[in-house]
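As a plain string of letters, each chain reads:
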Amino acid sequence: MSTSVTLGCVALDCPEPYRLADFYGKLLGWKLDPDSDDEWVTLVNPDGGAGLSFQRDPDYRPSTWPSNERPQMLHLDFTVEDLDAEHERTMRLGARLLDDKPDTFRVYADPDGHPFCLCAC
């Protein structure tokens, strides 16, 4: 079956879109879409795939993962070759380590508390 639906972006709610876009832009090496504004900021995927966007939500409350008090709605997985090197860089950018027990991936929270993983799987 053919479809005309494509994934344009993944959008994360947050209190300060430019601040969170700066974190992920540095993590991924992606640039801001020049049409971004204070309410909706987009990072452009340089490979032409789906972008990553950040939508202002003044009432945003982060996930409490691994607790289910406020469960995560989704999480992002990023593939890396050198887990230890990327761990150090990710922590310097402002991530918070949530779980480092698995051998092939680590779970973090971004500066606004969204869970994401670095995967060397």
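Up top you'll find the structure we're talking about.
What counts, and where the lines are drawn
The residue numbering used here restarts from 1 in each chain and proceeds along that chain's sequence as written. The predicted origin of the model limits local features to residues at a pLDDT of at least 70 and limits the giving and counting of side-chain atom pairs to 80 or more, whereas totals for whole chains, interfaces and linings rest on all residues. Only heavy atoms go into the side-chain values, all of them from the structure, while hydrogens and water stay out. A run of H or I in DSSP counts as a helix once it spans at least four residues, and a run of E counts as a strand once it spans at least two, with each numbered from the N terminus. Every radius of gyration here is taken over C-alpha atoms, with the globule rule written as 2.2 Å times N^0.38, N being the number of residues. Partly exposed describes any residue whose relative accessible area lies between the buried limit of under 20% and the exposed limit of over 50%, with all areas from a 1.4 Å probe on protein chains only and scaled to the type maximum. A contact between two residues is defined here by any heavy atoms of the two lying within 4.5 Å. We count Lys and Arg on the positive side and Asp and Glu on the negative side, and we leave His and both chain ends out. Charge positions are represented by NZ for Lys, CZ for Arg, CG for Asp and CD for Glu. Only when DSSP finds a minimum of two bridges between them are two strands counted as paired. Every axis in this analysis is a line fitted to C-alpha atoms, fitted for helices over the stretch in contact. Angles between the N-to-C directions lie between 0 and 180 degrees. Stacked, tilted and edge-to-face pairs are distinguished by plane angle, under 30 degrees for stacked and over 60 for edge-to-face with tilted covering the rest, among Phe, Tyr and Trp rings (Trp via its six-membered ring) whose centres lie within 6.5 Å.

A. How the structure looks around the overall build of the protein chain. When its secondary structure is counted, the protein chain shows two helices and eight strands. Secondary structure elements in the protein chain, listed N-terminal to C-terminal, are β-α-β-β-β-β-α-β-β-β. Its C-alpha atoms give the protein chain a radius of gyration of 15 Å, near enough to 14 Å, the size a compact globule of 121 residues would have. Seen through its C-alpha atoms, the protein chain measures out along the principal axes to roughly 40 × 35 × 35 Å. The proportion of buried residues among the 121 residues of the protein chain is 36%. In the protein chain, of all internal contacts separated by at least 6 residues, the share reaching a separation of at least 24 is 51%. Of the charged side chains in the protein chain, 11 are positive and 23 negative; the average position of the first set lies 5 Å away from that of the second.

B. Region of the structure containing the pairing of strand β3 (residues 40-44). Pairing geometry for strand β2 (residues 31-32) and β3, over two bridges, is antiparallel. In the sheet register, Lys31 faces β3, and the bridge partner there is Val44. Note: β3 against strand β4 (residues 51-56), four bridges, orientation antiparallel. Residue pairing in the sheet places Leu43 in a bridge with Leu52 of β4. The antiparallel hairpin formed by β3 and β4 contains six residues in its connecting segment, where Gly48 sits at a positive phi of about 90 degrees.

C. Structural context of the sheet that holds strand β7 (residues 105-109). Ordered by their spatial adjacency, four strands build an open sheet running β5-β8-β7-β6, and the pairing between neighbours is mixed. With partners counted over all chains shown, the strands left at the sheet margins are β5 (76-79) and β6 (96-99), one partner each. If you compare each strand with its neighbour and ignore which way they point, the axes differ by 35 degrees on average. Bridge analysis of β5 against strand β8 (residues 115-119) gives four bridges, and the strand direction is parallel. Looking across to β8, one finds that Phe78 is bridged to Leu118. This element, helix α2 (residues 83-93), spans β6, β7 and β8 of the sheet and lies at about 5 degrees to β7.

D. Structural context of the packing of aromatic side chains. Under the definition given, this model contains seven aromatic pairs. Here the aromatic rings of Tyr24 and Phe116 are separated by 5.9 Å at their centres, their planes lie at 65 degrees, and the arrangement is edge-to-face. Residue Tyr24 is located in helix α1 (residues 17-28), and its partner Phe116 is located in strand β8; the two are separated by 92 residues in the primary sequence. For the pair Tyr24 and Phe116, one class covers both residues: buried. Members of the aromatic cluster, each reached through a chain of ring pairs, are Phe23, Tyr24, Phe54, Phe78, Tyr108 and Phe116.

Fair warning: the whole summary comes from geometry, so function is off the table for now.
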